[in-house]
Amino acid sequence: MTSSHLITSHMILIVLILITQLLCTNSFSTPHGRHDFQSTRFNLIPRLRHSQSSSSNNESNEPSGGGGIRLNKVFKATHSRREADKLIESGRVSVNGEPLLNKGGIKVVPFRDVVTLDGKVIHGWEKMNAINENNVDTNGNHHAGENLQTSSFEYVKYFKPLGVTCTTDLRIKGNIIESIGRDGYNPRHRVYPVGRLDKETSGLIVLTSDGRMVNAVLRGEKKQPKVYKVMVNGPLEEEDLQRLRDGIVITTVTQRKGRSEEENTLVARTKNCKVERIGPSSCQMTLVEGRNRQIRKMMQALGFRVVKLHRIEFMGIHLTEGLKFPGDWAHLDEGEMELVENALRLAQEDS
């Protein structure tokens, strides 16, 4: 073997040794630092998820963790909760530049996270959720404090005519949104009724853009009294009125998703209520609970049919103060707003 062949063999051997050492360490140094072969070949983790494991000094593009509010509440001025969830699932919504495809449990921090729909930034969503910068701590948690931010929302009372359905679904003929719109009310934001009245029931209903109202006046121990005038198709005896006061067993069905028909069916006695005679076939009833078609079913259990049902008061707000005819509406006055703020404050203290 010549000397040139020996040199070549030694060089090949050295190169093989270097390559072997390089593969064992999976890395080598470059002018820009260490380079990781393995991460180059196999690291397919998306950049957004990778940012979670980066050091605290590196700012993540993800929605801020910990505190904040649910992402679907960002769209409450223009969309219902279900509609907002569909927007998120469609991939049209991005947070801090990263598109989202799953609505599940995502929270955003007010005044920190940037939310876009179809590339356009959503402005003012903090205000629509009664949040200001002074009420958000460093973890993104919102503390309402004494300022209830009611000036950010709309609150109106409406004399609902007969034949109007209490739904915000514009596909349903005779929905309450189109009805109050025809009667002259043009809301600045999306509004919805607080509770509902049957299509065949007339009278007072409150509409608002404040999503806190439902929990504050219709849920659990916070339920507010509702006063109705009732007329039936026959004479009411004193015994009938007393049975109404004491409670009557009726069957009601709720529409809660994920439950069977049996689980959604409630057979129970109604709670005690105040009942006053108005005339031979009419009375005034004050209810706190709000089971579906409750008064009609109570009267049916006594052998009567309701021929007229009219609500005159809700949570201390009276129909007769400013509303005289079906279709009349008015913004809540100062005294009525005090009732709203008291309910919101109590709900806030219990949360």
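Our subject is the structure listed above.
Residues numbered from 1 in each chain as written. Predicted model: local features only at pLDDT ≥ 70, side-chain atom pairs only at ≥ 80, totals over all residues. Heavy atoms only, no water.

K.L.:
It is not clear to me how the overall build of the protein chain should be interpreted in this structure. Could you clarify?
P.N.:
When its secondary structure is counted, the protein chain shows eleven helices and 19 strands. The burial tally for the protein chain puts 39% of its 351 residues in the buried class. The contacts of the protein chain with a sequence gap of at least 6 include a subset with a gap of at least 24, amounting to 64%. (Helix = DSSP H or I, 4+ residues; strand = E, 2+ residues; numbered from the N terminus. Buried < 20%, exposed > 50% of the residue type's maximum accessible area, 1.4 Å probe, protein only. Contact = heavy atoms within 4.5 Å.)

K.L.:
Looking at this structure, how should I read the side chain of serine 202?
P.N.:
Positionally, serine 202 belongs in strand β11 (residues 202-208). Look at serine 202 and you get buried, because its relative accessible area is 10%. Of the polar contacts made by the side chain of serine 202, one reaches the side chain of histidine 310; its length is 2.7 Å. If we skip the residues at most four places from it in the chain, serine 202 touches Phe159, Lys160, Leu162, Leu197, Leu309, His310 and Arg311. (Polar contact = N/O pair within 3.5 Å; in protein donor to acceptor, adjacent residues only side chain to side chain.)

K.L.:
What is the right way to read helix α10 (residues 294-301) from this model?
P.N.:
Every α-helix carries 3.6 residues per turn, so stepping three or four residues along brings you back to the same face. Among the residues making up α10, those that are buried are Gln294, Ile295, Arg296, Met298 and Met299. Taken together, the buried residues of α10 touch β12 (226-232), α8 (238-246), β13 (249-253), β16 (282-287) and β17 (306-314). Glycine 303 occupies a position one or two residues after α10 and carries a positive phi of about 90°.

K.L.:
Could you clarify how one ought to interpret the pairing of β12 in this entry?
P.N.:
Walk down a regular strand and you will see the side chains alternate between the two sheet faces. Burial analysis of β12 places five of its seven residues in the buried class, the great majority of the element. Sheet topology note: the β12/β17 ladder contains seven bridges and is antiparallel. Residue valine 227 lies in a different strand from β17, and its bridge partner there is glutamate 313. (Pairing = 2+ DSSP bridges.)

K.L.:
Would you explain the pattern of salt bridges in this entry?
P.N.:
Should their charged atoms come close, side chains of opposite charge can pair. Summed over all chains, the structure comprises nine salt bridges. Of the charged contacts, one joins arginine 212 and aspartate 210 as a salt bridge, the two residues approaching to 2.9 Å between their closest N and O atoms. (Salt bridge = Lys/Arg side-chain N within 4 Å of Asp/Glu carboxyl O.)

K.L.:
Just checking my understanding: could you explain the nonpolar core for this structure?
P.N.:
Of all hydrophobic cores here, the largest spans 31 residues; its most connected members are Leu207, Val230, Leu244, Cys283, Met285, Ile295 and Met299. Those elements giving two or more residues to this core turn out to be β9 (155-160), α6 (176-182), β11, β12, α8, β16, α10 and β17. Contacts of valine 230, omitting those with residues within four sequence positions, involve Ser281, Ser282, Cys283, Met285, Ile295, Met299, Val306, Lys308 and Leu309. (Core = buried A, V, L, I, M, F, W, Y, C linked by side-chain atoms within 4.5 Å.)

K.L.:
What exactly am I supposed to notice about the packing of aromatic side chains here?
P.N.:
Between two aromatic rings, the relevant description is the distance of the centres plus the angle of the planes. Counted by the stated rule, this structure contains one aromatic pair. Centre to centre, the rings of tyrosine 185 and tryptophan 329 are 4.9 Å apart; their planes meet at 50°, and the pair counts as tilted. Placement of the pair is tyrosine 185 in the loop between α6 and β10 (192-193) and tryptophan 329 in strand β19 (residues 329-331), with a sequence separation of 144 residues. Accessibility expressed as a relative area gives 25% for tryptophan 329, which makes it partly exposed. The positively charged end of arginine 311 is found above the aromatic ring belonging to phenylalanine 314, 5.1 Å away from the centroid. (Phe/Tyr/Trp six-rings, centres within 6.5 Å; stacked < 30°, edge-to-face > 60°. Lys NZ or Arg CZ within 6 Å of the ring centre and 35° of its normal.)

K.L.:
I keep staring at the state of the cysteines and nothing clicks. Help me out?
P.N.:
Joining two cysteines, a disulfide is a covalent bond between their sulfur atoms. Taken as a whole, this structure holds zero disulfides when the rule is applied. Looking at the unpaired cysteine 283, the closest cysteine sulfur is the one in cysteine 273, lying at 8.6 Å. Residue classification places cysteine 283 among the buried positions, given a relative accessible area of 0%. (Disulfide = S-S within 2.5 Å.)

K.L.:
Teacher, can you tell me more about unusual backbone geometry here?
P.N.:
Negative phi characterises most residues that are not glycine, and trans characterises most peptide bonds. The residue aspartate 118 is not glycine, and still its phi comes out positive at about 55°. Here aspartate 118 is to be found in the loop between β7 (115-117) and β8 (120-121).

K.L.:
Where do I start with the sheet that holds β8 in this structure?
P.N.:
Strand-to-strand pairing in sheets goes through backbone hydrogen bonds, with the strands running parallel or antiparallel. Spatially, four strands are ordered β5-β4-β7-β8 in an open sheet, and the strand pairing comes out antiparallel. Sheet topology places β5 (98-99) and β8 at the edges, where each strand pairs with a single neighbour. Pairing of β7 with β8, which is carried by two bridges, proceeds in the antiparallel orientation. Residue pairing in the sheet places threonine 116 in a bridge with valine 121 of β8.

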